[in-house]
Every structure is written in C-alpha cells, then in structure tokens.
Amino acid sequence: DSGPATYTDIIDFITMASTGNATDFGNENVDDSGGAGFSNDTRAGKMGGFTGGGPDFAGNDIEYVTIASTGNATDFGNLQTDRYGNAGCCSTTRAISGGAASYPGTTVYSDIMDYITIASTGNGTDFGNIATALDNCSAASSNTRGVWLGGSATPTVYNTIQYVTIASTSNTTDFGDLAVATRGSMGASNGVSCFKMGGNTPSYISTIEDFIFASTGNAADFGDLTTTLQDAGSVSPNHGGIA
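Described in the following lines is the structure provided in the data block. (Residues numbered from 1 in each chain as written. Predicted model: local features only at pLDDT ≥ 70, side-chain atom pairs only at ≥ 80, totals over all residues. Heavy atoms only, no water.)

### Here we look at the overall build of the protein chain
Now for step 1: The helix and strand tally for the protein chain stands at zero helices and 20 strands.
Now for step 2: In terms of overall size, the protein chain behaves like a compact globule, its C-alpha atoms giving a radius of gyration of 16 Å where 243 residues would be expected to give roughly 18 Å.
Now for step 3: Taking all 243 residues of the protein chain together, 45% fall into the buried category.
Now for step 4: Sequence separation of 24 or more characterises 48% of the internal contacts of the protein chain that already satisfy a separation of 6 or more.
Now for step 5: With an accessible surface of roughly 11100 Å², the protein chain has 48% of that area assigned to carbon and sulfur atoms. (Helix = DSSP H or I, 4+ residues; strand = E, 2+ residues; numbered from the N terminus. Rg over C-alpha atoms; globule rule 2.2 N^0.38 Å. Buried < 20%, exposed > 50% of the residue type's maximum accessible area, 1.4 Å probe, protein only. Contact = heavy atoms within 4.5 Å. Areas by Shrake-Rupley, 256 points an atom, 1.4 Å probe, with all protein chains shown as cover.)

### Looking at the sheet that holds strand β3 (residues 36–39)
Backbone hydrogen bonds are what pair the strands of a sheet, in a parallel or an antiparallel way.
Now for step 1: Overall, antiparallel pairing links the four strands, which are arranged β3-β4-β5-β6 in an open sheet. Edge positions in the open sheet fall to β3 and β6 (74–83), since each of these has one partner strand only. Direction aside, neighbouring strands of the sheet carry axes that sit 15 degrees apart on average.
Now for step 2: Sheet topology places strand β5 (residues 58–66) next to β6; five bridges connect them, and they run antiparallel. Considered in β6, the bridge of Asp-61 is made with Asn-78. (Pairing = 2+ DSSP bridges. Axes fitted to C-alpha atoms, helices over the stretch in contact; angles between N-to-C directions.)

### Things to note about the nonpolar core
Now for step 1: Of all hydrophobic cores here, the largest spans 15 residues; its most connected members are Ile-96, Met-113, Phe-127, Leu-134, Trp-148 and Val-164.
Now for step 2: Mapped onto this core, the elements with two or more residues apiece are β7 (87–90) and β9 (108–117).
Now for step 3: Not counting the four nearest positions on each side in its chain, Leu-134 is found in contact with Gly-99, Ala-100, Tyr-109, Ser-110, Gly-150, Gly-151, Ser-152, Ala-153 and Tyr-158. (Core = buried A, V, L, I, M, F, W, Y, C linked by side-chain atoms within 4.5 Å.)

### A look at the packing of aromatic side chains
Now for step 1: Evaluated as defined, the whole model comprises twelve aromatic pairs.
Now for step 2: Considering the side-chain rings of Tyr-7 and Phe-50, the 5.8 Å spacing of their centres and the 50 degrees angle between planes classify their relative orientation as tilted. Of this pair, Tyr-7 sits in the segment before β1 (10–13) while Phe-50 sits in strand β4 (residues 43–50), placing them 43 residues apart in sequence.
Now for step 3: Judged by centre distance (5.8 Å) and plane angle (85 degrees), the rings of Tyr-163 and Phe-175 are edge-to-face. In this pair, Tyr-163 is assigned in strand β15 (residues 160–165) and Phe-175 in strand β16 (residues 173–177), connecting sequence segments twelve residues apart.
Now for step 4: Judged by its relative accessible area of 14%, Tyr-163 is buried.
Now for step 5: An aromatic cluster is present here, built from Tyr-7, Phe-50, Phe-57, Tyr-84 and Tyr-103 joined pairwise through their rings.
Now for step 6: Geometry around Tyr-64 places Arg-43 over its ring, the cationic atom sitting 3.9 Å from the centre.
Now for step 7: Directly above the aromatic system of Tyr-115 lies the positively charged group of Arg-94, at a separation of 4.0 Å from the ring centroid. (Phe/Tyr/Trp six-rings, centres within 6.5 Å; stacked < 30°, edge-to-face > 60°. Lys NZ or Arg CZ within 6 Å of the ring centre and 35° of its normal.)

### So, the pattern of salt bridges
Now for step 1: A full pass over the atoms with the stated rule returns six salt bridges.
Now for step 2: The partner of Lys-46 in a salt bridge is Glu-28, and the shortest N-O contact between them spans 3.4 Å. With Lys-46 in strand β4 and Glu-28 in the loop between β2 (23–27) and β3, this pair connects stretches of sequence that are 18 residues apart.
Now for step 3: According to the relative accessible area criterion, Glu-28 is buried, its value standing at 16%. (Salt bridge = Lys/Arg side-chain N within 4 Å of Asp/Glu carboxyl O.)

### Side note on the pairing of β5
Now for step 1: A large share of β5 lies buried, amounting to seven of its nine residues.
Now for step 2: Two elements, β4 and β5, share seven bridges in a ladder whose sense is antiparallel. Opposite Gly-49, over in β5, you have Gly-59 as the bridge partner.

### Focus: the state of the cysteines
Now for step 1: With the rule as written, the count across this model stands at zero disulfides.
Now for step 2: Here Cys-137 is not cross-linked by a disulfide; its sulfur's nearest cysteine counterpart is in Cys-89, at 9.6 Å.
Now for step 3: Unpaired in terms of disulfides, Cys-194 finds its nearest cysteine sulfur in Cys-89, a separation of 9.9 Å. (Disulfide = S-S within 2.5 Å.)

### With respect to the sheet that holds strand β17 (residues 186–189)
Now for step 1: What the four strands build is an open sheet, ordered β17-β18-β19-β20; its pairing is antiparallel. The sheet is open, and its two borders are formed by β17 and β20 (220–229), each paired with just one other strand. Between one strand axis and the next, the sheet turns by 20 degrees as a mean value, whatever way the strands run.
Now for step 2: When β17 meets strand β18 (residues 193–200), the two strands line up antiparallel, connected through four bridges.

Here it is in structure tokens:
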C-alpha cells in the first residue's frame, strides 16, 4: 500500500516438516498477484490474478507445477473470464475458483465459480455461483466440502461462510458466519477443521477462527497470529496450517 506495485513471477518452496527460509522453485508464466491457489499431492497451481494492466487488470490463465520437482510453471488452460481476488479450494481430484473481480474502468465483482480436474489440463468449467458477487474472500476445503470465507464488495465487508460439495456442481449454500466481517484473510485446513487467519476489517487483524467442515454453524475463536496482516498465502499438511 506504500507505492507502485511490482509484480513478480517467483515461485518459492518450503519443506513443512522443517523450519527455515524459502528456496527458489522456478517461475510463473505471468507476473501477477491475487490469484486462487490449488493443489493435491502431485500438482500445485494458480488460477487468474491481478496483472496491473491490460483491458481489465486481470488474467484468466491457469498454470501448474509438479510439486516433487522444481521448475517453471506449465500452462494448464484458462478460466471462463479474467479475474483477480479469487480464492481456490480443492479435493484430491478437483479445484474450484470462486469470488473475484476485474477492473475494466470500474471494479466489477463476480459470483462465478469455475472448476478443473487437477490431473488433466484444460479450461475451467462452470460450477455454479457464490451467493454474493465479491472478491478478497479466502477459501479452504476438506476432500468433500469447499468453503469461502468473508470477502468484500466495496463498501461492504462480509462475515459469511458458504460451502459447496466439491464432487458435484451447484451454487453455494450458507454454512454460518465468521465472528468478524473480514476481507483479505487466509484459509487453511487439516481436512477436518477449517482455519480463517488474519485479514482486514478494515483494520488489519491477527485473529484465528475455526470450525468443523462436516457440520454447519458459526466460526469460533481459535487464537491469534503473531502479527496483524492480510493477503498472505497459507498452506497446510494434514497436521495444521501455516500462514
């Protein structure tokens, strides 16, 4: 927020079982930010993003890497439309992108959800729609359900939690509410519980909230991050989450 942005194509990796600095993995095809991430045990990738230029400041590219190796990203296909500020969730088979915006002269919020089959390549296919057109939500998933958390459509910041069954196609269903309406948070899971970390209310916050995927209901306080922040990446193995 302090000046003109510089977008990069850098991909880093860490080994979750250890601690230490990130190591260079390779490069993306596009210099951008704010795309939706996805992964299974074999592949990781990104859908869309904020390019800082072009007709609508957004991209529709989907790209992936093979996690066990290092190297540059490979083209996977394209989303239905250009978008940024979207959030991704996935099972071992499918990845879904939901919640987004583009900027063809004014901000246009999107309720479109796309899905892809991670083991293949190809363009995104329509999955359904999220309940409200918004961006800057976060997402997480078990192998069965994907959820989207909060988000915003200026000037409104939302506290909603909405979910889908990943193996089907449909619109989202209401799950419950976050304790605090939040945009720019991070989502992670251990396959049983979902964790929503940090974000902007519009003040930066450090709170962590959690809930169980298999039920429906409101999120509960879990604890706090070591600092207040928004728009970080998050990732988790089966034992928990890192922001």
